[in-house]
Every structure is written in structure tokens, then in C-alpha cells.
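One-letter residues, chain by chain:
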Amino acid sequence: MRLGSGAFAASCVAIEVLGVAIFLRGFFPASVRSSSRTGHQAEPPAPEPLAGASSNWTKLPLPLFSKAVIVLIDALRDDFVFGSKGARYMPFTTYLMGKGPSHSFVAEAKPPTVTMPRIKALMTGSLPGFVDVIRNLNSPALLEDNVIRQAKAAGKRMIFYGDETWVKLFPKHFVEYDGTTSFFVSDYTEVDNNVTRHLEKVLKRGDWDILILHYLGLDHIGHVSGPDSPLIGHKLREMDGILMKIYTALLTKERETLSPNLLVLCGDHGMSETGSHGATSAEEVRTPLVLVSSAFERKPGDIRHPTQVQQTDLAATLAIGLGLPIPKGSIGSLLFPVVERRPMREQLRFLHLNAVQLSRLLQENVPSYEKDPGFEQFVMAERLHGNWVKLHLKEDRSGALLNLGTKVARQYLGALRTLSLALSMHVAQYDIYSMVVGTIIVLEALILLLLSTPQVLHRRAELEVPLSPPMFSLLFYLMFLVLSAIHVVVCTSAESSCYLCSLPWLAAGGMMVLVSALLCVITSALAGMVMDSTFLWKSAAYPCSGWSEVGLLLLLGTVGHVLSLGASSFVEEEHQTWYFLVNTLCLALSQETCRTYFLGDDCELKHCFHTEPGTVGATCMQQDCTACEAPRAGQAGKGPWPSGARRGHVHWAVLAGPWLVLACCRLLRSFNHTGVQGAHRPDLGHWLTSSSHKMELSCLAALSLLMIFMLAQRGCSPMSKVALALGLVGVFCYRAAIGNLLFPWHLANRGISKGILEARFVYVFVLGILFTGTKDLLKSQVIAADFKVKTVGLWELYSGLVLLAALLLRPHNLPVLAFSLLIQTIMTKFIWKPLRYDVAEITVMHYWFGQAFFYFQGNSNNIATIDISAGFVGLDTYMEIPATFLTVFGTYVGPVLWAGHLAHFLSAEASSHKSDWPHKGLDEDRCWKLMSF
């Protein structure tokens, strides 16, 4: 069957997308869910177990608290409350935890540690998936069963002030609300004042049952300044005063109603050492959970230390405390200290309700639930509970009743821990079968595309897909039978359900047909290549046309990196792969320059050996090589091959180029340690950003900005040079205005502002340079003969992006940007031009360095390293599109700038070749055509 190159490439891409989708379906399995729909009428609670009779306790217990106030402080780390900062800045909260009526816990938040998934975990008790990271940007209404929905169904009146994510998750649930945007991280004052301004009035009123407050200021300070900022202390002191006001108001209401109220202090996630969040470091997952109520009065000498719990335990605890059904999808367990002062029968009733809910969830999601140790413990505890109730109803007041009740409670608590752990492990299980099938499909499509690469790149080429040979048919049927047998075995023996097993047999059969057909096509193509003697003869006829060492390195390094992504450890430490590849490339380039200049290996001039299929023979190849050598030998002082003393200096510069790039890369690695294993290690970035080294950071930033100007202005027009210089001055002024840097003439700490005016001053010049570059590009389309206009326009666009990057990057990353420009200059002048690498090799080198600089600036595959504050530079209100663009650009500065440099370099080389062609002979003209190919 014959296919056009476009149709063939489109088919391969479609198959790749299908394989990636199947792989992701297995990598991100469906979360644990209850089969009961939230829209249906609430199920009656499980009755109290009673041996040999029916219990008279069949309804939900009465609420333990009449009112509840939930204070959620975004990005509140546990050490901000339980550590030295808590003792210093939150004295009232410290008193409540040490001597007041409270229970303190360290709640562990599961990843992803971003706001919306954490709110879902707190209110539903379930574990959200990583897909919720995307939904965090625009939260949809929460359809899972949750405490808020249960409270509304019970007729409770709820009021909310704070992060508008709650309003999006729970629409029409609050009788009164005032939402604030959570993404404008430059604001850490008004965003909290908009919450606090409602407090005094609402606390005096009695027309509410649940009050939820979500404060964002602490999180915004972390994103902008980090956890060691002096603003953190001021914000914690502010939160402590708010908690004291709420607690005092609740005590006043208790005297009026004679029923206890509940105050909950919690955080949705923590904060990393850089101020971000989203990953799994201890600082990001450990959050404080403090429950305060007059029902928790402690006896003299009663010392309560914070214990480790799961964040999902709050949903079950709130439901029990407010007299609500536990959310059906909750995997959390009741915090027993909340009910330990209640009568024994009530304690066991609460534990039984929680255990029944977890056991039902286990039955709905785990096929072999009977063998689970948690379920066996629950059955034993329920049997003992029935015996205890029977003795209790007989009014047995002996010590045996108390001992049996204590034993039943311990049995229930053990069952709750085991059931919760089993459900958590079920959520974390990968669908290995789907992942393997998806990986096989992706690899098959990739291999097929690589095998057809020389032909598929030609626009009008047609490819012969071998679907008819007998060998293909026999192999296809055998593969289909083998895959069908594997599918049947997996789907009938797997203890947990697989996605592919849940598909209809027609869809699963189509998947097996696709895998078998792709494998057979690849086998037929490889067999044809092996049997083609012409291919081997051509390879022997042109020994000079083989792959160079650098070319092989680029090919094998790229393929090896792709294969390494199949291991989670290589994904977590991907920066090490790129550091190794870039360093190895520098060594290979050094070897090649030495061989070219000292050994005179003409085959290193690889552009003479890239031929179009079927157009150039052996004789023509020799002529073209000669044509290329002639200008090099005879053009003194022209191009990249000068003669005499200057040529000797250039040779030494070319020899030193790779080593200088290698030294720069090694220095850049010390600025920002990244990855899971090395992110906590001290580096130059941490040293420079400490408050005691602000002067050193200011001097280094000034030198980096000067270096950026010297390297970026060389290809700009005079007007763009002035704009670039003023813009870089504005960058320094902006960083000084927000307190990151110091002015030379004003060394003392001055007032800190948001730098709105200074940042917009820079934006004016960025837009001016980009406008000038765009104008030159449009002009080059009109004046086709002026080749240099397009090159200048591309460079000005590139310079505008450099200025924007200088504004968005943190001050300690300005040297990273400067070294990026320096390495680009070295590679252009002393490696790519003298050694005349072809387009493919230069493109791959740009890709490698772009990826390496992504990690040099401190990024990783951990979403906690995303600098959200870059999206709000110069903005005084939240604007979604500009903030998203600036955040993405600030994160991918390295790859974007190297891609922009590649576009300019290729344009410059093409224009210089075109301008030289009319002055050269026919042989040299043919040689340039080969080079451009």
C-alpha cells in the first residue's frame, strides 16, 4: 500500500497520541469512588451492632458542636505554628496548644500540594489526582460527596470569605460569601483585609452554623519572597490576632447557648524552601491542624504533643462533630481525641459509623476485599461491639464492660488505620497493563517513523507500506493470537481491574490488531533493509560519508534521553542527564576541533557529504569537496578562515571554545541545585538570596545586566540598543524597588514597594524592541532582495525576549541568562561557523543547551519549582492571559531563548550564503546547496 509522506506522518502522529493517551490512563488511574451518587436520597446510617437482637440506635448521633469556624491559612507550614516562628509570632495560638482546650496534629497532605486538590481532600476525605493540578487554574463544581454538601442538606447555614476557589467548588452552598482571587501573588495585604473586614459583624450575628475563612497572604509572601522573608513574621502575627478574636467571640456565644463550639486552624499545604509548593518535600506536605473547643478542657498536668495524622481525616471528624453523614468517598479516619471524653457507647458508635463507611468503600473498589486485613479487623470489631452493646443493655456495670469497651475501641482504631491505608494504596496503584500497551504503541510508531525518515521529509515522496507479503500475513495472525491470549490471561487473573479489560471486546480487539500490524510492518521494513545489497554497497563506496562522532553522539544522546524517561528516577533527576550530555558534547567538540586543526582531517567538513538521494555520485562528491576546499585555502581574511597571524589566533580561539563552554556549564550548575536528591543542598543561589549578602547580589546582578547588554546589542539597530540599555536599567530599578537589590547610592534598606511603575517602564521598551523587530520582518517580506533585514528583525525579536527574561528572572538567575548569551556567542563564532555543522546537528545542539538551561535556572519536573511570581510582575490586578503568558515564559526562558537564537542563526547563515552566490563559481554554488541541505 502506497501512502503520501504527509498522510504517513499524520498517521504516525495519530498513533503516537493514542499510545500516549493509553499510557497516561494507566499512569493516572481513577481515584477511589463510591458507587452511590450524591444526587440520590441519603442512605440511612448503619445501625448499632447488637448480638442476637436489634439496636435502638439507628439514627445519626447528635452534633458535638453547635457552631464551627474553619480558618484555613494558605501555605501554613507546621513549623510556622509548632516551631520557633510560632512561639515568636503566634503567642496566643501557642498558649492554646500548650495549656488551652485544644488538640494539635501534624496533618500530612498528599501530592499534588496545590490549593484546589487540598480543599477537595479536606472536605471530601478523598485523594485527588494529578489532573486536579490543571483544574486548579479554573476549578469546576465539586460533584463528589463532601461535608459542605451534607451540611447544606442538613439545613445548616454556611458563610464563606476568602479564596474564590471555594465558591467555584461549592456553588450555591453559602448563604453569604465574598471571594478573592488566589493568583495575584503580588498582593498579600488587601487579599486578607477583604476577609478580615467581615469578621466583626459576622461574629456578633447568630444566623450561621459554619463559618469558613481562607487567608491567602502567607502563600503570596512565600511565592514572592520565600519562607525566610521578614514579611512572614508580620503575617503570622496578624493571623494570631485574628484567631484570638474568633476564639473570644466563640466563648461569648457558648455562655449564651451553653453548648460547645469548634475552632479549626489548618493549612491546605506547606511551603518549600523557595516559597513554592506542589511537590512532596517535608516542608510542603506537613501542615498544622489545631482543633480548639471548650469540650477539650484538659486536666492539670495534661501535656498534649502534636501527633501525625492524614489531612483526609478532617472530613470524617467534621462530619461526626457536626452530626452529618461521613462523605461516601472519604478514606480518612476519625480523630479519636475529639470524642474520647464522650461516653463509651457514643465513642463506639462514632467509630462504627466510620468503619462501616470505609468497609463499604473497600468493597466497591477492591475485588478481593474479604482477604484485606482491615476488613477482617472490622468484622472482628463489629462482633465484639455487638457483645458490648448486649452487656450494656443488661446494665452490667462491672469492670468487664469497661475493659471490653476499651478493647473494642482499640480494635476499631486498628481497623480504621488498616482500611484507610489499603484504600490509599489502591489509589496509588498503577495500571501496568495499560502502561505497557501504551508504551509499545508509542515505540512502534516511533521506530516506523525513524525507518522512513529520509523519504518522509520530502514533500512529494510516496512510501510503500508492506501489508501484502505472505510473511506479513503469517506473522500478523500469530501476533494477534498471542496478544489475544495475553489479554485474556491478564483480564481474568488480575486482582484489580484494568482499563483495557473494561473496554468492549471489539475495542480491545482493534487495539491488538493495531499492535500486531505495526509490529509486522516494522519487521518487514527491517527485513527489506537487511536484504538490500545496494544499501551495503553504497555504504562501502563512500567511506567519507559516514556519521561523525559528534553526529553519533547527538543521535544516541537524544534517543538515550527519550528511553531514560521510562524510569521515574531519571525523570526526577532529568537535569543530571542533560548536564552529562552537554558536558560530553563539549568534550566531543574539543576532540573534533583538535583533529581538524592539527591532523587536517578533511572528512570533518561534513557538509560536503550530505547528499540528496539519487542525485550525487562518487565523482560529484569528490568535486564538491574540492570546490569547498578551494575557497578556504585561497580566501585570505574572508569569512571564518582568515590567514596569517590572525588565523592562528582564530585557531586557538576555536580550540579553547569547547573548554570555555564546559567551564561555564560547570559554574552554572552551582547556582541552582535542583531535583529530588539535590534541591535541599546549599548553592550559590541560596547564598546570594540571603539577607546578609544583598550587596554581593546587587553587584553581581549589575555586572550580569552589563554583560547581557554587551552580548545582546551587537545585532540591534541604534534605536533598539538605546531601548535595550534603558530597559536593563529599569530591570535593576525594579528589583531594587521590591527589595531584592540595593542601589549603590542608597545602601540602607529603603521602603519596599510592588515595583509596578518600574516594571511597566521595562515593558514599554520590551514592546518597542519587539515592534521594531516585527516591522523589519514584515519589511523583509516586501523587499525580497534585502536578506539582512530579516536577520536584523529576528535578532531584535530575540533581544526583546532577552530583556523580558531579565525582568522576570530572579536576581540570582541573571548570571544564568548572561552565561547563556555568552555560550551562544562562543558556539556561533568559534564552533558552528568554523566547523560548518549542518542544520540538523546545530538544531539538536540548540535543543540540548536549551534543555540544560531550563535546569540551570533552578527548574525541575517538580511543579513546586514553577515561579508563579513571574506572572505578576508589573500587574496591579489579576489578568489571566498576561499572568499565564508571563509565568510560562519565565519558566521556559532557557528553551525559548535557544530556539530564538536558532531561528536567527539559520536565517543569518542562509542570507550570507545567498548574498555570496553570485560571486562564486558553479562548483562552489553546488557545494553551498549541499551545505544548505
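Data block above holds the structure.
Below is a short write-up of the structure. (Residues numbered from 1 in each chain as written. Predicted model: local features only at pLDDT ≥ 70, side-chain atom pairs only at ≥ 80, totals over all residues. Heavy atoms only, no water.)

**Concerning the state of the cysteines**
For step 1, the next point in the chain: A full pass over the atoms with the stated rule returns one disulfide.
For step 2, the next point in the chain: Between the sulfur atoms of Cys491 and its disulfide mate Cys501 the distance is 2.1 Å. The sign of the -85° torsion about the S-S bond sets the Cys491-Cys501 disulfide as left-handed. One end of the pair, Cys491, is in helix 20 (residues 470-493); the other, Cys501, is in helix 21 (residues 499-502), with 10 residues separating them in the sequence.
For step 3, the next point in the chain: With no disulfide of its own, Cys586 lies closest to Cys665 among cysteine sulfurs, the gap being 5.1 Å. (Disulfide = S-S within 2.5 Å. Helix = DSSP H or I, 4+ residues; strand = E, 2+ residues; numbered from the N terminus.)

**Things to note about the packing of helix 31 (residues 694-712) against helix 32 (residues 718-737)**
For step 1, the next point in the chain: For the pair helix 31 and helix 32, interaxial distance at closest approach is 10 Å and the crossing angle is 165°. One element, helix 31, and the other, helix 32, form an angle in the roughly antiparallel class. The handedness of the crossing between helix 31 and helix 32 is right-handed. Residue-level inspection shows Ser698, Ala702, Leu705, Ile708, Phe709 and Ala712 of helix 31 in contact with helix 32, the latter providing Lys721, Leu724, Ala725, Leu728, Val731 and Phe732.
For step 2, the next point in the chain: Among the residues forming the contact of helix 31 with helix 32, the class breakdown is 10 nonpolar, one polar and one charged. (Axes fitted to C-alpha atoms, helices over the stretch in contact; angles between N-to-C directions. Parallel < 35°, antiparallel > 145°, perpendicular 65-115°, else oblique. Left-handed = near helix turned anticlockwise from the far one by under 90°. Contact = heavy atoms within 4.5 Å. Nonpolar A, V, L, I, M, F, W, Y, C, P; charged D, E, K, R; others polar.)

**Re unusual backbone geometry**
For step 1, the next point in the chain: Cis peptide bonds are those with omega within 30 degrees of zero, and the linkage from Pro111 to Pro112 qualifies with 5°.
For step 2, the next point in the chain: Note that Pro112 resides in the loop between strand 3 (102-108) and helix 5 (115-124).
For step 3, the next point in the chain: Positive phi outside glycine occurs at Ala75, with the angle close to 65°.
For step 4, the next point in the chain: Here Ala75 lies in the loop between strand 2 (68-73) and helix 2 (79-82).
For step 5, the next point in the chain: Although it is not a glycine, Arg836 adopts a positive phi angle of roughly 50°.
For step 6, the next point in the chain: Within the secondary structure layout, Arg836 lies in the loop between helix 35 (814-835) and helix 36 (839-856).

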